[in-house]
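# Structural features, examined
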Amino acid sequence: MICLKNLLRVVELLRKSVVEGFRVTREDASTKPLELVEEANPRQVDLFEKHLIKKFEVAPARPPRDLFAVDSSSRVVETPYVFLAIAAGTVHSRFTGKGIDVPSLASIVGVEEPPCRHIALVPEVESPREVAEAILSARGITTSNPLGVAYTSTYNKHALLAELRLSLEQCLLELFSSSELAESGTILLLDGPLAYPTTPMLVEPRDFERVRIYVEAIELLNKKREQVVSKLAEKGLQVISVVKRLHKSYILSLVDPASISPRGKVNDEAYLSTLVLTNSGLYGQPFIVGPILVKQKPPCSLNRIVWYIGFPRRIYPLRGGLGNYVFYRVEVFEKMISESVLNYIAYDSIHTGSLLPLSILVADRRVKKLTSSLVNYILYLTGLTEESTKQYISML
């Protein structure tokens, strides 16, 4: 409640600034979608085996300890004078009910300060010093990116949302690492890649400098994630990443294990779909492609081992039909390589009757409910209408 009361005061001051005649600085160009994709060059990719494509012999393995999933979600409240990004995150175990939520119930009702900044605020109007002082005194609210660059009306809103979610997940991982929940043998599932993409697509020359700031912010967050994952590994935890958005990744067409992409680049989703259509031996069978070593670009130093998994949606899928399979990528850092991680994934997915790891689906639903409740409460406090909420498609 303390954080939200401070937020309410800032919004009221900005609204008052508009009434008093201060200039609105909002720029529509800042809402233009920004897409970051994952690419690699031949020197960054190594193969461990000659035959990468094989049937997935499902052997579910129960984790030695608990299994947690990490996820975050964000919503937007946007007016002509202020842009608010409200996020929530969780580290949650569906088996024991243990975990960490941000914001926690205690911080929402005002018993304690939120441990992580989960709200980003962008003033869209020139305002007096009183507003700046009110913003600085608001706990749980951020007004700058991980590099310290201020969020202004020109800052890309899609980049801001990605940075907010990644920063929140980083804070959650650090809280989890220092808690009693981080026991040796525990499995931690991350919803999204271990290292987020940093290659921008379709950038106009005049935007190069601005996009460079966004990329450097993501690189800094990747470096921090690498450090906390290494710390968790030293404690004996297994950190596994599950990547669902394969249409923004271009790794398989580079190594071309099925010899179906002789020229140009094809995204991983399209490559796997083509593989299923052209390889009759995979018909109706779960399969894996990997392991593949993906070497990281500086500033990150830990390399990743990746496997691609394909699960049929039906016991008897239609031959030649698109959409018959669910594809995703499983990642671990190189020093954690072991195909046993795939058995943990199978235990939390196919073994429970779900195509995707159920723990990630539960965490995803949990954070979406949290963000929805927060947005509704903020609308109630500020008197804004539901029309001021907008849907920003994730760039990650």
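Here's a quick rundown of the structure. Predicted model, so just to flag it, every value in this text is computed and none were measured. (Residues numbered from 1 in each chain as written. Predicted model: local features only at pLDDT ≥ 70, side-chain atom pairs only at ≥ 80, totals over all residues. Heavy atoms only, no water.)

### Focus on the overall build of the chain
Filter applied, for reference: Each helix is a run of H or I in the DSSP string that is no shorter than four residues. Each strand is a run of E no shorter than two, and both are numbered from the N terminus. Residue burial is assigned from relative accessible area. The probe radius is 1.4 Å, only protein chains are included, and a residue is buried under 20% of its type maximum, exposed over 50%, and partly exposed in between. Contacts are assigned to residue pairs that have any heavy atoms within 4.5 Å of one another. Working definition of accessibility: Shrake-Rupley area with a 1.4 Å probe, residue cover restricted to the visible protein chains.
Helices and strands together make up the secondary structure of the chain, namely 9 helices and 16 strands. Sorting the 396 residues of the chain into buried and exposed places 52% on the buried side. Partitioning the contacts of the chain with sequence separation of at least 6, the portion at a separation of at least 24 is 75%. Roughly 17800 Å² of accessible area belongs to the chain as shown, and the carbon and sulfur atoms make up 52% of that amount.

### Here's the deal with the packing of helix α4 (residues 157–177) against helix α5 (residues 208–234)
The following threshold applies: Axis definition: a line fitted to C-alpha atoms, limited for helices to the stretch in contact. Angles are taken between N-to-C directions and run from 0 to 180 degrees. With respect to orientation, any angle under 35 degrees is reported as roughly parallel, any angle over 145 as roughly antiparallel, any angle of 65 to 115 as roughly perpendicular, and every other angle as oblique. A clockwise turn of the near helix away from the far one marks a right-handed crossing, whereas an anticlockwise turn of less than a right angle marks a left-handed crossing. Each residue is assigned to one of three groups, with Ala, Val, Leu, Ile, Met, Phe, Trp, Tyr, Cys and Pro labelled nonpolar, Asp, Glu, Lys and Arg labelled charged, and all others, Gly among them, labelled polar.
As a packed pair, α4 and α5 sit with axes 10 Å apart at the nearest point and diverge in direction by 15°. It follows from the interaxial angle that α4 and α5 lie roughly parallel. Where α4 crosses over α5, the handedness of that crossing is left-handed. On the side of α4, the interface is formed by A159, E163, L166, S167, E169, Q170, L173, E174, F176 and S177, while α5 contributes Y214, A217, I218, L221, K224, R225, V228, K231 and L232. Counted by class, the contact of α4 with α5 contains 10 nonpolar, 3 polar and 6 charged residues.

### So, helix α8 (residues 340–348)
The α-helix advances 3.6 residues per turn, and as a result positions three or four apart in sequence lie on the same side. Among the 9 residues of α8, 8 are classified as buried, and the element is accordingly described as predominantly covered. Those residues of α8 that sit buried are V341, L342, N343, Y344, I345, A346, Y347 and D348.

### Brief notes about α4
Note the following rule: By definition here, a helix of n residues has an expected span of 1.5 Å times n minus one. Here a polar contact is taken to be a pair of N or O atoms separated by no more than 3.5 Å, where protein atoms must pair a possible hydrogen donor with a possible acceptor and residues adjacent in sequence count only if both atoms sit in side chains.
Spanning 21 residues, α4 covers 30 Å between terminal C-alpha atoms, matching the ideal 30 Å at 1.5 Å per step. At the N-terminal end of α4, a side-chain oxygen is found 2.9 Å from the backbone nitrogen of H158, two or three residues along, and the residue is N156.

### Overview of the sheet that holds strand β1 (residues 36–39)
Put simply, the rule reads: When DSSP finds two or more bridges between two strands, those strands count as paired.
Across the sheet, 3 strands lie side by side as β10-β1-β12; this open sheet has mixed pairing. Because the sheet does not close on itself, it has two edges, and the strands there are β10 (199–200) and β12 (249–250). Pairing of β1 with β10, which is carried by 2 bridges, proceeds in the antiparallel orientation. Paired with V37 across the bridge in β10 is T199.

### Description of the state of the cysteines
Which entries qualify depends on this criterion: Cysteine sulfurs are considered disulfide-paired once they come within 2.5 Å of each other.
With the rule as written, the count across this model stands at 1 disulfide. One disulfide bridge connects C116 with C171, the sulfur atoms lying 1.9 Å from each other. Judged by the sign of its S-S torsion, about -80°, the bond between C116 and C171 is left-handed. One end of the pair, C116, is in the loop between α2 (105–108) and β7 (119–123); the other, C171, is in helix α4, and 55 residues separate them in sequence.

### Structural notes on the pattern of salt bridges
This is how it is decided: Salt bridges are identified by distance alone: a Lys or Arg side-chain nitrogen within 4 Å of an Asp or Glu carboxyl oxygen.
One pass over the full model with this rule turns up 17 salt bridges. Between K157 and E124 there is a salt bridge, and its shortest N-O distance comes to 3.4 Å. Here K157 is found in helix α4, whereas its partner E124 is found in the loop between β7 and α3 (129–136), with 33 residues between them in sequence. Note on K157: relative accessible area 1%, which makes it buried.

### Here's the deal with the environment of S17
Secondary-structure assignment places S17 in helix α1 (residues 2–19). The spacing of S17 and V125 is 108 residues in sequence and 7.5 Å in space, taken between C-alpha atoms. At a separation of 2.9 Å, a polar atom in the side chain of S17 contacts the main-chain carbonyl oxygen of L13.

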